[in-house]
Amino acid sequence: MKSLKIGLLAAAAAFTSPAFAAAPADVLSNYGNIAQAKYADSLATAKTLQTAVDKFIAEPTEDNLNAAREAWIAARDPYQQTEVYRFGNAIVDDWEGKVNAWPLDEGLIDYVDVSYGNESEENDFYAANIVANPSLKVGGESIDASSINPELLESLHEAGEVEANVTTGYHAIEFMLWGQDLNGTDAGAGNRPASDFDAANCTNGNCERRAQYLKAATDLLISDLEFMAAAWAPGGDARKELDAKGENGGLATILTGMGSLSYGELAGERMKLGLMLHDPEEEHDCFADNTHMSHYNDVVGIRNVYFGEYKSPLGNDVKGASLAEMVAAKDPALAEEMQAKLDATLAAFEVMKARAEAGEAYDQMIGEGNTEGNAVVQAAVDALVDQTASIERVVKALELDEIAFEGSDSLDNPSAVFE
């Protein structure tokens, strides 16, 4: 993928001018505090999910399945607001694939519809079905899967160096709770029955092993989030990594996250690509039809780190020195422009969110022939691209080093998408 190159000459000196309303050191400290609160909330809501999953496994009723699904959706809110930390913070980017990788080849994990097929030229593990097979034979290799535990799931994650071999994280859990979404761009999410986990009234076979998988994936999510929550605690490795960059490097990290998530990742890979292809497989939370909230929370997360504020669902609110204050002191007109762009993006995503809440899921919005729904998604993409241009100007106004934002063929070279 091409990268969107922004910013030019660097100022060698650190920011020391009294003209700034907020000191860079305070901005970076608050950036770390917001990360700490977000990952703590992600861990806490994942533990609530774990409790709901344990109850469901013990009593596999439809009510308990729905409660576990609701807990999963709630857990996604704070986590998706952390994604702005992924870009620029190597410790987060190296770890993120364990908890939020997508899309996934469902046949590696469990039973799938006949339309899925039995093999793929790109993926030897495409239909390995861990749940059904205590011994996996792939490419002449035999793998002991008799015990489905976190260690097994970790060992098979991205097996064969294929990114679609996702066995861990939120989306593996999502698939276990909802099952495949076979509705295409018509209404409806996945509809896995609770009896898939009920050994006494088992549907689709292997109910005990399916329960083992769900529990192992949920327990592993907890341990992975514990790692990142500790990394952003005072004195943690993520804070040390940020401090080592110095003030200019730290400010560039904030802007790298804002620009890369805005442009290449969200506007490009997660939205424009699916809109171009009209493909429901390109939606982020595809089994649960929760994609509108996933995207919305990414936008909220971008705002969090620019304005230096985080509104916690658990009451762990954070507010402090912000990049917005620095920009306002340096270039008031640019500060107004940046706020207007961020507000316009939020408004576009609120329209998309309201549409989904009124009954038209994101996969329906991107469907071929849905002119109005397509326009809503395109407006959100356009707003993200527009705000990225203002983020470029912020980098230049603060005289930071050149930054390479994540790019996307869907935005930079659309013809390549269809090659």
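Enquirer: Give me the lowdown on the packing of aromatic side chains, citing residues and values where you can.
Expert: If you walk through the whole model with that rule in mind, you get ten aromatic pairs. Between the aromatic rings of Tyr31 and Trp232, the centroid separation amounts to 6.2 Å while the plane-to-plane angle is 85 degrees, which identifies the pairing as edge-to-face. On the criterion of sequence distance, the pair formed by Tyr31 in helix H1 (residues 24-58) and Trp232 in helix H6 (residues 207-232) is long-range, its members being 201 residues apart. Here the aromatic rings of Tyr116 and Tyr126 are separated by 4.1 Å at their centres, their planes lie at 10 degrees, and the arrangement is stacked. Of the two residues, Tyr116 sits in the loop between helix H3 (90-100) and strand E2 (135-138) while Tyr126 sits in the loop between H3 and E2, which places them ten residues apart along the sequence.

Enquirer: Could you give an account of the state of the cysteines, naming the residues involved and the relevant values?
Expert: Scanning the entire structure with this criterion turns up one disulfide. The disulfide bridge from Cys202 ends at Cys207, spanning 2.1 Å between sulfur atoms. As the torsion about the S-S bond is roughly 95 degrees, the Cys202-Cys207 disulfide counts as right-handed. The exposure class of Cys207 is buried, given its relative accessible area of 3%.

Enquirer: Give me H3: which residues, what numbers.
Expert: Looking at H3, one finds that the buried residues are Ile91, Val92, Trp95, Glu96, Gly97, Val99 and Asn100. Buried positions along H3 lie against H1, helix H2 (62-80), helix H5 (170-178), H6, helix H7 (237-243) and helix H8 (246-277).

Enquirer: So what's going on with the pattern of salt bridges? Which residues, and what values?
Expert: This structure, assessed with the given rule, holds 23 salt bridges. For Arg192, the salt bridge is made with Asp110, and the minimal N-O distance between the two is 3.0 Å. With Arg192 in the loop between H5 and H6 and Asp110 in the loop between H3 and E2, the pair connects residues that are 82 residues apart, well separated along the chain. In terms of burial, Arg192 and Asp110 fall into one category: buried. Linked through salt bridges whose partners overlap, the residues forming this network are Glu83, Arg86, Asp93, Glu96, Glu265, Arg270 and Asp298.

Thresholds applied
- Residues numbered from 1 in each chain as written.
- Predicted model: local features only at pLDDT ≥ 70, side-chain atom pairs only at ≥ 80, totals over all residues.
- Heavy atoms only, no water.
- Phe/Tyr/Trp six-rings, centres within 6.5 Å; stacked < 30°, edge-to-face > 60°.
- Helix = DSSP H or I, 4+ residues; strand = E, 2+ residues; numbered from the N terminus.
- Disulfide = S-S within 2.5 Å.
- Buried < 20%, exposed > 50% of the residue type's maximum accessible area, 1.4 Å probe, protein only.
- Contact = heavy atoms within 4.5 Å.
- Salt bridge = Lys/Arg side-chain N within 4 Å of Asp/Glu carboxyl O.

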